[in-house]
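An overview of the molecular structure
In case you want the letters, here they are:
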Amino acid sequence: MTAESRADHRPSATPPLTERQEARRRRILDASARLAARGGFDAVQMREVAEAAGVALGTLYRYFPSKIHLLVATMQDQLQHMHTTLRKRPPGGAAPAERVAETLMRAFRALQREPQLADAMVRALTFADRGVSPEVDTVSRLTTAIILDAMGTDQPTPQQLSAVRVIEHTWHSALITWLSGRASIAQVKIDIETVCRLIDLTAPAPARTAAH
């Protein structure tokens with residue numbers, strides 16, 4: 001499975017949105033991000049989102065059954081934007097671990113510029129129950145695709161995928177501890193760089209030898 005297929009955010013059984021529906025969905029996500037950026041999680045109320053997006057409240061609920069669904073989709077949208085930006089301006093490190101660490105810190109700094117929005121999206125991921133599992137899984141697949149792009153591989157081994165999962169967990173945890181004021185940006189950077197060393201440890205033997 002390639003990184004592109006992992007990043008695809010719609011299940012194959014779901015019919016594609018029409019151009020008009022996609023535009024409506026775009027307005028909803030933009031409204032959600034604006035409200036969250038101004039006031040965080042509590043500022044994102046479904047009625048206010050509908051009004052800001054220029055859609056009926058019932059229409060909003062057809063696209064997103066709950067506030068948690070909406071904010072998780074907003075995080076997916078933000079990650080997709082980051083992914084596009086990273087592909088246009090990829091990390092410049094020589095080693096895969098270095099490139100992944102640079103990529104995740106760039107993503108972290110992008111979220112740092114909008115701390116209220118970052119907090120709202122992370123809280124939504126934390127509160128998400130099984131009913132939001134498909135959307136949460138999509139966020140995870142997109143994060144995986146971003147990391148694999150930085151590594152420079154689209155055919156990861158099981159060991160590499162395991163390392164990627166641990167890196168994702170660490171990045172998410174670092175974001176939570178920073179948002180709660182329990183970790184500095186310097187500490188986040190150290191944690192990210194440390195966990196990214198797993199990439200070297202799980203690389204196929206020839207690549208691991210070359211890295212040293």
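Reference entry: report on the structure contained in this document. Remember, predicted model here, so these are calculated numbers, not experimental data.

Helix and strand counts for the chain stand at twelve helices and zero strands. Reading the chain from its N terminus to its C terminus gives the helix and strand order α-α-α-α-α-α-α-α-α-α-α-α. Residues classed as buried in the chain amount to 42% of the 212 residues present. When contacts within the chain are restricted to residue pairs at least 6 apart in sequence, long-range pairs at least 24 apart make up 72% of them. When the accessible surface of the chain is summed, it comes to about 11,200 Å², and 54% of that surface belongs to carbon and sulfur atoms.

Two elements in contact, helix α2 (residues 19–39) and helix α7 (residues 115–127), have axes separated by 6 Å at closest approach and are oriented at 110 degrees. As judged from the angle between their axes, α2 and α7 are roughly perpendicular. Where α2 crosses over α7, the two elements pack in a sense that is right-handed. Within the contact between the two elements, α2 uses Ala33, Ala36, Ala37, Arg38 and Gly39 and α7 uses Gln116, Leu117 and Ala120. Class assignment of the residues belonging to the contact of α2 with α7 gives a composition of five nonpolar, two polar and one charged.

As a packed pair, α2 and helix α3 (residues 46–53) sit with axes 8 Å apart at the nearest point and diverge in direction by 120 degrees. With respect to α3, the element α2 is oriented oblique. Every pair of crossing elements has a handedness; the one defined by α2 and α3 is right-handed. Contact residues: α2 offers Arg27, Ile28, Ala31, Ser32, Arg34 and Leu35, while α3 offers Glu48, Val49, Ala52 and Ala53. Residues belonging to the contact of α2 with α3 are distributed by class as follows: six nonpolar, one polar and three charged.

What follows covers the packing of aromatic side chains. Counted under the stated rule, the structure contains two aromatic pairs. Aromatic pair phenylalanine 41 and phenylalanine 127: ring centres 5.5 Å apart, planes at 80 degrees, arrangement edge-to-face. In this pair, phenylalanine 41 is assigned in the loop between α2 and α3 and phenylalanine 127 in helix α7, connecting sequence segments 86 residues apart. A residue is classified by how much of its surface remains accessible, and phenylalanine 41, at 10% relative accessible area, is buried. What makes phenylalanine 127 partly exposed here is its relative accessible area of 46%. Relative to tryptophan 178, the ring of phenylalanine 108 lies with its centre 5.2 Å away and its plane at 70 degrees, an arrangement referred to as edge-to-face. Remark: tryptophan 178 occurs in helix α9 (residues 158–179) and phenylalanine 108 occurs in helix α6 (residues 96–112); sequence separation between them is 70 residues. Exposure class is identical for phenylalanine 108 and tryptophan 178. Each is buried.

Attention shifts here to the environment of leucine 179. Tracing the backbone shows leucine 179 in helix α9. Leucine 179 sits 57 residues away from valine 122 along the chain, and the two C-alpha atoms are 9.1 Å apart. When near neighbours in sequence (up to four residues on either side) are disregarded, leucine 179 contacts Pro115, Ala118, Asp119 and Val122.

Between its first and last C-alpha, α2 extends 31 Å over 21 residues, near the 30 Å set by a 1.5 Å rise per residue. By the burial criterion, the buried members of α2 are Arg24, Arg25, Ile28, Leu29, Ala31, Ser32, Ala33, Leu35 and Ala36. On its buried face, α2 is in contact with α3, α4 (57–63), α5 (67–88) and α7. At the C-terminal side of α2, glycine 40 shows a positive phi close to 75 degrees.

Side chains three or four residues apart in an α-helix point the same way, a direct result of the helix having 3.6 residues per turn. In a regular helix each residue adds 1.5 Å, so 17 residues correspond to 24 Å; α6 covers 24 Å between its end C-alpha atoms and thus fits that length. Considered for burial, the residues of α6 that qualify are Ala97, Arg99, Val100, Ala101, Thr103, Leu104, Met105, Arg106, Ala107, Phe108 and Leu111. Turning to α6, the residues buried within the fold contact α5, α7, α8 (133–151), α9, α10 (185–195) and α11 (197–202).

Scoring rules and cut-offs
- The residue count restarts for each chain, going from 1 along the sequence in the order it is written.
- Restriction of local features to residues with pLDDT of at least 70 applies here, the model being predicted, together with a cutoff of 80 or more for giving and counting side-chain atom pairs; totals for whole chains, interfaces and linings are based on all residues.
- Side-chain numbers come from the whole structure's heavy atoms, not from hydrogens or water.
- Think of it this way: any DSSP run of H or I at least four residues long counts as a helix, any run of E at least two long counts as a strand, and we number them from the N terminus.
- For every residue, the accessible area (1.4 Å probe, protein chains only) is compared with the maximum for its type, and the residue is labelled buried under 20%, exposed over 50%, or partly exposed between those bounds.
- We call two residues in contact when some of their heavy atoms are within 4.5 Å.
- Surface accessibility in these figures is a Shrake-Rupley result with a 1.4 Å probe; residues are shielded only by whichever protein chains are displayed.
- Angular values range over 0 to 180 degrees, each being the angle between N-to-C directions of two axes fitted as lines to C-alpha atoms, with helices fitted over their stretch in contact.
- What sets the label is the angle itself: under 35 degrees gives roughly parallel, over 145 gives roughly antiparallel, 65 to 115 gives roughly perpendicular, and the rest give oblique.
- The handedness criterion is simple: a crossing whose near helix is rotated anticlockwise from the far helix by less than a right angle is left-handed, and one whose near helix is rotated clockwise is right-handed.
- Here the term charged refers only to Asp, Glu, Lys and Arg, the term nonpolar to Ala, Val, Leu, Ile, Met, Phe, Trp, Tyr, Cys and Pro, and the term polar to all other amino acids, Gly among them.
- Any two rings among Phe, Tyr and Trp, with Trp reduced to its six-membered ring, count as a pair given centres within 6.5 Å; such a pair is stacked if its planes are under 30 degrees apart, edge-to-face if over 60, and tilted if neither.
- Given the number of residues in a helix, its expected span is that number minus one, multiplied by 1.5 Å.

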